[in-house]
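Single-letter residue listing:
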Amino acid sequence: MREESSGSVVTRSEAKSTQQRSQFSTFIVANRLYGIEVTRVQEVVRSMVMTPIPLAPEYVRGLINLRGQVATAIGLRQLFGLENSSAEEFVNVVCKVDGSLISLQVDEIGDVIEVSQADYEQTPSTIPEEIRRFMTGIYKISDALLSTIDVEYISKFLNHKL
Amino acid sequence: MNMPTEMKKTALSEYLDECQEMLEHLSKNLASIEKNGSDKDTLAAIYREMHTIKGTSQLFGFSKIGNLAHMMETCLDPVRKGKINMSHELLDNIYAGMDFMELLIQGVRDKNQESDIPIPIEKLLPKFISITERSLTGLRPLMSDKILSQQKISFDSSSSKKGTTPVSSENNTKNSGFELFEDPPAQTPTPITPAKATVDTKPKLETIQKISIEDPQSETIRVQVSILDSLMNLVGELVLIRNQLLQHTKSNDENTEFLKLSQRLNILTAELQNEVMKTRMQPIGNIFNMFSRVVRDVSKELGKKIDLDLQGTDTELDKTILEAVKDPLMHIVRNALDHGVEPVDERKKLGKKEIAILKLTAYHESGQVIIEIIDDGRGLSREKIGGKAVEKGLIAADTFSKMTDKEVQLLIFSPGFSTASAISNISGRGVGMDVVKTNIERIGGVVDILSKPGYGTTIKLKIPLSLAIVPALIVRAGGQRFAIPQTKLVELIRIEKSSSTSEKIESLQGKPVLRLRGKLLPIVSLSEILHHETEEKKLSLDEEIYNIVVLNADGHFFGLVVDAIDDSVDIVVKSLSSFLKDIKVFSGATIMGDGAVALTIDVMGISEIAGLAADNTDTRASAREEIPTSISSYRSENCDILLINIGAAESYAIPLAVVSRIEEFDASQFEHSGEQKVIRYRNSLLPIFSLPNFLNLPFKSEKQNQDGKTPIVVIKRGDHLYGIEVCEIQDIIEVSSQIDQSVRDRPGILGTVILKDRMIVIVDILGMIDTLQVKLDIVGRTPKETGKPAITSKNIASRRQRRILVVEDSSFFRNYMRQLLQGAGYLVEVACDGQEGFAQLSNSPANHFSLILSDIEMPVMDGLELARKVRASETHKHLPMCAITTRFSTNDIEQGKLAGFTNYLEKLNAEKLVMDIDEIFCNAQTQEKSA
């Protein structure tokens, strides 16, 4: 049922240092590649039974039962203002932020990618603000561009916005 | 580099926990010394712990905490050795020192560094030291030469501290510390300690040893709460899987081995769940003990003498709940100390004991924990509270005069209320009792208050055992399941359109309302609230079936229409992500038996979103009857009445319960037997009475319908039927049974009821029939029957207008009597002793009560004295009084009669009791009529 994010022992302090390489758990939303620092990801689960929350904003998709813990599912498509997908199947990337579990709903899960700090670049200002605000930057990897997501900011956004 | 930091962090947090724990112990021990005088063991324990704090603090390099501990240790040394007695001043200083220490520790906890402590504390430190110095100087005459030398050292260390050179101060303290230890602690058995004279190890060894001495029986380990939490979650998950497995077993019961295994798994899981729950339980004493300090400080500050009495300290509560009640409890205690307890001279004047008693009690009751905070202070003053509430605009002045004492007392929980005329720093800190109420209710608790002016106040908190498990009702709306906490639930109503009950949903200004027992209940639809349903999908008024959950949102009742009502289950409530709380209508989520997540409904939130709370607050001020203070008052005390037209402009009504049938007769059917109008009805003669005739009213009721028929209300009294002639049967409505009896100008009128600007006169139909029976005897009835009308179930109607005051000290019998009499149809009020009973009587209008039932043996004021008092009072001297007792000696009865009791009734014979009471009323009525 569930895929544990494969064992990585990179601590945050190391990831921050410019000399070091950092690892990102990648996923695809609307055919674009995104990544979250691998240490932030608690686990990845395939689509689960979801309880919708009436009155909540559209990007709050519902609640899922994660082995007895309740996680709130956030649809990244809806959060980023992308068009809704017709797909029934989602993958949940579960992160723990400020003590509560947030499950980011993505289209597909990718590999854990190791990037070098040398490939980092700031998010270009041409990227629409709706998405740019959630991004920490861009990593240029061999065959694609990896947009890295700031989970803390998502949490802050949720708490502030609502 | 990483690892040692990590280790240090763990060690540090362990150190902090230990310090906290020791401070708590110290506080407890100091309180016990203060109360019971110094005993050697406790003193030794205090000294030991202070020493441990010193040792460990210095080990971690927190020199300020260490020095502080050292100072206190020095102060305590002569006391411990019995050279001087523990003085109050010294105790004060130690308490003050502990406060600073706590601040310092907090600083370490928050910022990981002692040096990060804000400057003010730094300034306070030398001040404390100087206090200590003074106390020691004051003690000088009592000291031997040896201590004099120690004193010099203490000056040394303190002066070096004032110089704020931490390093040198630390050295200094160490030295002086060990000088003190030249002479080993008398109470600590140290022979096992290898006499290693090395300066560094000694305090450490002492520490280790002391911890082991502390509590040899209970072996404990420290566990992170988060581990317990996740353990709890996992067990919850296990339970779910167990449930699914059991479900599976039921359908596959041919495999006996599998059956056996699943049974064992079932039992083990239940046990495991139980044990895991236990790990989170803590005795309430943990927070109760904190109050000994509070009471001490506050009483000192206010110049009051207060004793703290703690009971049931071993009552266990979930840790989270314990944390949650801590602050409200503190607030209540401070309030009691500040406002409740009178100053010493005032107490003397009142003839009360000089030392006030504040009692904190905790006990289990029906799956809840009850915490009572009882003071014997001045109690709540109706006038003060009312005045304040009116002044603050919480209620209107005329509303206040109509409120019961209880309602007035509950006002203190209203937002924006505070009686303290001057804001003191003890309780008036901008937060009122309303915060207490909201906080207790947040964890699913209930606050109640009971106060007798002059005798004190009791605040009762009902707290669920555990936050985690809540009984709830599962409902469905919009294809989803939701859980509603049972505590907010009043009743469930199912309305079918096909069945013609009086309950139906109507539209009021486009908003649905339900006529429920004569009251309008606002109706909201859950799916409408949750899904913003569009106009056409709005709650339609012609559904076949409605399922309505009647909810109580803080005194406002409303009906919530749901698609279906599923089941009542115990749920484990999980908190939602904080950003979801803003939706307001959900208080949490729970995982159902099948593993799906269901949201729990926040009843207050729903009422807020639906705009119900705001509406009702307005009516609250205008109509007191509209706010039922409890569920019971909401449910009972209503009766149906038959609205009739007797030709008068006013509406007249007969209580429906006495009505046997409603018939229509042709004018031709009426006959006369002498002067009495009769009709042949069911093989006998039905005497027909006209209300205007009886009441001597100048109306004619013999008007006929268009079709020439006269409606007759058939009343059954005893074994006989009587007909009442009316112009028109108008309606059956439900009214509050609180009949206003102030205007009754003639016999035959029971009183009036006001219903939405309309006055309805209630006819005392049975009284009328009883009177007329005398006349009917001529028509051929045995005199015996008239004297004693048979008592049948139909009498309930007449019972409904009678209010009985039950005075009984045993709560069991009080409830028993109440249920018995209410079951029989009487209105019942209760009091728990003579004094309370008499107070209730005095506060009520003259004919409010029809009978007093009183126990004889009661505290404060016994039944005999109550009887004497009632007989002596002007307004109530004719009120019948019955003694209810199990003692039936002639002597007792004689005494009771002498005191003023009219009858002696047997307490335990329920049937006879009700019959006897009926008889008393019948007799009283006949007497009245004949007089």
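Please refer to the structure placed before this passage.
Cut-off values and rules
- Residues numbered from 1 in each chain as written.
- Chains lettered and ligands numbered in written order.
- Predicted model: local features only at pLDDT ≥ 70, side-chain atom pairs only at ≥ 80, totals over all residues.
- Helix = DSSP H or I, 4+ residues; strand = E, 2+ residues; numbered from the N terminus.
- Buried ≥ 20, exposed ≤ 12 C-beta atoms within 10 Å, placed from the backbone.
- Contact = placed C-beta atoms within 7 Å.
- Nonpolar A, V, L, I, M, F, W, Y, C, P; charged D, E, K, R; others polar.
- Core = buried A, V, L, I, M, F, W, Y, C linked by C-beta atoms within 7 Å.
- Axes fitted to C-alpha atoms, helices over the stretch in contact; angles between N-to-C directions.
- Parallel < 35°, antiparallel > 145°, perpendicular 65-115°, else oblique.
- Left-handed = near helix turned anticlockwise from the far one by under 90°.
- Pairing = 2+ DSSP bridges.

Draft legend 1. Summary view of the overall build of chain B. Each helix and strand in chain B was counted, giving 30 helices and 34 strands. Counting the 931 residues in chain B, one finds 34% classified as buried. Taking all contacts inside chain B whose residues are at least 6 apart in sequence as the whole, residues at least 24 apart take part in 65%.

Draft legend 2. Summary view of the interface of chain B and chain A. Across the boundary between the two partners, chain B contributes 22 residues, which contact 20 residues of chain A. For the side of chain B that touches chain A, the elements supplying multiple residues, two or more each, are α9 (225-251), α18 (526-531), β17 (586-591) and β18 (597-601) of chain B. Per-element accounting of the side of chain B that touches chain A gives the leading share, four residues, to α9(B). Looking at side-chain class alone, the side of chain B that touches chain A contains twelve nonpolar, seven polar and three charged residues.

Draft legend 3. Structural detail: the nonpolar core. Counting residues in hydrophobic clusters, the biggest one holds 84 residues, and the most contacted among them are A:Val93, B:Ile484, B:Val549 and B:Leu560. The leading source of residues in this core is strand β8 (residues 469-477) of chain B, at six residues. If we skip the residues at most four places from it in the chain, A:Val93 touches A:Ser25, A:Phe27, A:Ile36, A:Val41, A:Val44, A:Ser103, A:Leu104 and A:Val106. Counting residues in hydrophobic clusters, the runner-up holds 45 residues, among them B:Val295, B:Val333, B:Ile385 and B:Met403.

Draft legend 4. Fine view of the packing of helix α3 (residues 63-80) of chain B against helix α4 (residues 88-111) of chain B. Residues and elements named next belong to chain B. Two elements in contact, α3 and α4, have axes separated by 10 Å at closest approach and are oriented at 165°. With respect to each other, α3 and α4 are oriented roughly antiparallel. As for the relative orientation of α3 and α4, their crossing is left-handed in sense. Contacts from Lys64, Ile65, Leu68, Ala69, Met71, Met72 and Cys75 in α3 reach Leu90, Asn93, Ile94, Gly97, Phe100, Met101, Leu104 and Ile105 in α4. Across the contact of α3 with α4, the residue classes tally to twelve nonpolar, two polar and one charged.

Draft legend 5. Spatial organisation of the sheet that holds strand β2 (residues 306-311) of chain B. Residues and elements named next belong to chain B. Strand order in this open sheet of five strands is β2-β4-β5-β7-β6, and the pairing throughout is mixed. The open sheet is flanked by β2 and β6 (446-452), the only strands paired with a single partner. For this sheet, the mean angle separating the axes of adjacent strands, direction not counted, is 15°. Pairing analysis gives six bridges linking β2 to strand β4 (residues 356-365), with the strands arranged parallel. By the bridge assignment for β4, Leu308 is matched with Leu358. Sheet strands touched by helix α12 (residues 319-340): β2, β4, β5 (368-375) and β7 (456-464). Its angle to β7, the strand with the most contacts, is close to 175°.

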